[in-house]
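So you can see what is in the structure, the chains are spelled out below.
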Amino acid sequence: RASYPLCLNTHLPVPAAPVANPPHPGHKRCVWDVLVMPSEEVIASSSSDKDIRIWDLDTGECLHCLTGHTDWVLQLLPFGDSMLVSASRDNTVRVWNLDLLKEVSVLKGHIGAVRCISWVMPGRLASGSSDGTLKFWSMCDASYQKCLSPRSPRRGNRTSPTRGSPRSPKSGKS
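To keep things clear, this report deals only with the structure shown in the data block. Owing to the predicted nature of the structure, the values given are computational and were not obtained by experimental measurement. (Residues numbered from 1 in each chain as written. Predicted model: local features only at pLDDT ≥ 70, side-chain atom pairs only at ≥ 80, totals over all residues. Heavy atoms only, no water.)

1. Details of the overall build of the chain
In step 1: Counting its secondary structure elements, the chain contains zero helices and 14 strands.
In step 2: Counting the 174 residues in the chain, one finds 36% classified as buried.
In step 3: For the chain, the accessible area works out to roughly 11,000 Å², and carbon and sulfur atoms hold 53% of it. (Helix = DSSP H or I, 4+ residues; strand = E, 2+ residues; numbered from the N terminus. Buried < 20%, exposed > 50% of the residue type's maximum accessible area, 1.4 Å probe, protein only. Areas by Shrake-Rupley, 256 points an atom, 1.4 Å probe, with all protein chains shown as cover.)

Given below as structure tokens:
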């Protein structure tokens, strides 16, 4: 099977000589996200094979395979020049150091798949989950800061747990 590095001038694949036994072959399952790192020398990809792969942008060669998630890796975000943040169906957000090629932090707190992550300001990450919550994390010390739960009823907008209709005030007899 031939590998195809990208031709950046035309955005078309350019066949390359096949690698006999590549040290890190491609993903085994569906790819969910692709991210060009700020250095613009490598691309990171995430997959339902639970791995994150780091690719050389010039050659198309898979340089490294990062393991640690226990379910699909759905999204990737850059964190500085040599760090990466990943969201997974294993209910976690993980932080990876690409210089050391290892996981440096696991952010736990969701009870459903973490579907999306986004920077809300420098050093502060938001994560959204299928459990219906948004969580905010300080990346300075990888600590949980705050949770927004759109599913929980707001004051003055309560619903009956059995019927789903607004509660009426208790009527008093005159």
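2. Here's the deal with the pattern of salt bridges
In step 1: The tally for this structure, following the rule as stated, stands at four salt bridges.
In step 2: Shared partners join several salt bridges into a network, and the residues in it are Asp-90, Arg-94 and Glu-103. (Salt bridge = Lys/Arg side-chain N within 4 Å of Asp/Glu carboxyl O.)

3. Topic: the environment of Trp-55
In step 1: With respect to the helices and strands, Trp-55 occurs in strand 5 (residues 52–56).
In step 2: For the pair Trp-55 and Ala-44, spaced eleven residues apart in sequence, the C-alpha to C-alpha distance is 6.2 Å.
In step 3: Those residues in contact with Trp-55 that sit more than four places away from it in its chain are Gly-26, His-27, Glu-41, Val-42, Ile-43, Ser-45, Gly-60, Glu-61, Cys-62 and Leu-63.
In step 4: Only 2.7 Å separates the side chain of Trp-55 from the side chain of Ser-45, close enough to count as a polar contact. (Contact = heavy atoms within 4.5 Å. Polar contact = N/O pair within 3.5 Å; in protein donor to acceptor, adjacent residues only side chain to side chain.)

4. Observations regarding the sheet that holds strand 14 (residues 143–148)
In step 1: With antiparallel pairing, four strands are arranged side by side in an open sheet as 11-12-13-14. Whereas interior strands pair on both sides, the edge strands pair on one side only; in this sheet they are strand 11 (114–121) and strand 14. Put simply, the sheet's adjacent strands are angled 25 degrees from each other on average, direction ignored.
In step 2: Relative to strand 12 (residues 124–129), strand 11 is paired through six bridges, and the arrangement is antiparallel. Considered in strand 12, the bridge of Met-121 is made with Arg-124. (Pairing = 2+ DSSP bridges. Axes fitted to C-alpha atoms, helices over the stretch in contact; angles between N-to-C directions.)

5. Notes on the sheet that holds strand 8 (residues 83–88)
In step 1: Read from one edge of the open sheet, four strands run 7-8-9-10, paired in antiparallel fashion. In this open sheet, the two edge strands, each paired with only one partner strand, are strand 7 (73–79) and strand 10 (102–108). The sheet shows a mean angle of 20 degrees between the axes of neighbouring strands, taken without regard to direction.
In step 2: Inspection of the sheet shows strand 7 paired to strand 8 by six bridges, in the antiparallel sense. Of the residues in strand 8, the one forming a bridge with Val-73 is Ser-88.

6. Points about the side chain of Lys-135
In step 1: Here Lys-135 lies in strand 13 (residues 134–138).
In step 2: Not counting the four nearest positions on each side in its chain, Lys-135 is found in contact with Gly-109, His-110, Leu-125, Ala-126, Ser-127, Tyr-144, Lys-146 and Cys-147.

7. Regarding the packing of aromatic side chains
In step 1: Using the criterion set out here, one finds two aromatic pairs in the structure.
In step 2: Judged by centre distance (5.1 Å) and plane angle (40 degrees), the rings of Phe-79 and Trp-119 are tilted. In this pair, Phe-79 is assigned in strand 7 and Trp-119 in strand 11, connecting sequence segments 40 residues apart.
In step 3: Accessibility expressed as a relative area gives 21% for Phe-79, which makes it partly exposed.
In step 4: Over the ring of Trp-72 we find Arg-89; its NZ or CZ atom is 3.8 Å from the centre of that ring. (Phe/Tyr/Trp six-rings, centres within 6.5 Å; stacked < 30°, edge-to-face > 60°. Lys NZ or Arg CZ within 6 Å of the ring centre and 35° of its normal.)

Without other data, these values stay purely geometric and don't point to any function.
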